[in-house]
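Residues per chain are reported as follows:
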Amino acid sequence: MNREQIVTTLLSRGALALIRTIEDVEAGRVRRVHIDRIPGDPAFTRAVVEFLYSLGADVHLTLPARRPRARRAG
């Protein structure tokens, strides 16, 4: 995916903060990026991360918290 496709998809999904992050990396204001969650399927997440890498960003993905398993009584 190219930049315009990524930005358009993020915009349609309401991920304005991530678009701002991409713009900050492009402008050289930010190099280390922490991303909580990218809306969409894993292939789209991979495309966004690869794009950020291509811009020279150091990307750190935060994994979602795991739910504790329910225990049976007894």
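Everything that follows concerns the structure shown earlier in this document.
A. Geometry of the pattern of salt bridges. In total, this model carries four salt bridges according to the counting rule given. Close ionic contact of E26 with R3 constitutes a salt bridge, the shortest N to O distance being 2.6 Å. Taken together, the positions of E26 in helix α2 (residues 16-27) and R3 in helix α1 (residues 3-12) put the pair 23 residues apart, joining distant regions of the chain. For E26, a relative accessible area of 34% gives the class partly exposed. With a closest N to O distance of 3.5 Å, R32 and D58 form a salt bridge. Placement of R32 in strand β1 (residues 32-35) and of D58 in strand β2 (residues 58-61) is noted, with a sequence separation of 26 residues between them. Judged by relative accessible area, R32 falls into the exposed class, the value being 57%.

B. Structural context of helix α3 (residues 42-54). Relative to the 18 Å expected for 13 residues at 1.5 Å per residue, α3 spans 18 Å between its end C-alpha atoms, a close match to the ideal helical length. All of the buried residues in α3 are F44, T45, A47, V48, V49, F51 and L52. G56 occupies a position one or two residues after α3 and carries a positive phi of about 95 degrees.

Thresholds applied
Residues numbered from 1 in each chain as written. Predicted model: local features only at pLDDT ≥ 70, side-chain atom pairs only at ≥ 80, totals over all residues. Heavy atoms only, no water. Salt bridge = Lys/Arg side-chain N within 4 Å of Asp/Glu carboxyl O. Helix = DSSP H or I, 4+ residues; strand = E, 2+ residues; numbered from the N terminus. Buried < 20%, exposed > 50% of the residue type's maximum accessible area, 1.4 Å probe, protein only. Expected span 1.5 Å × (residues − 1).

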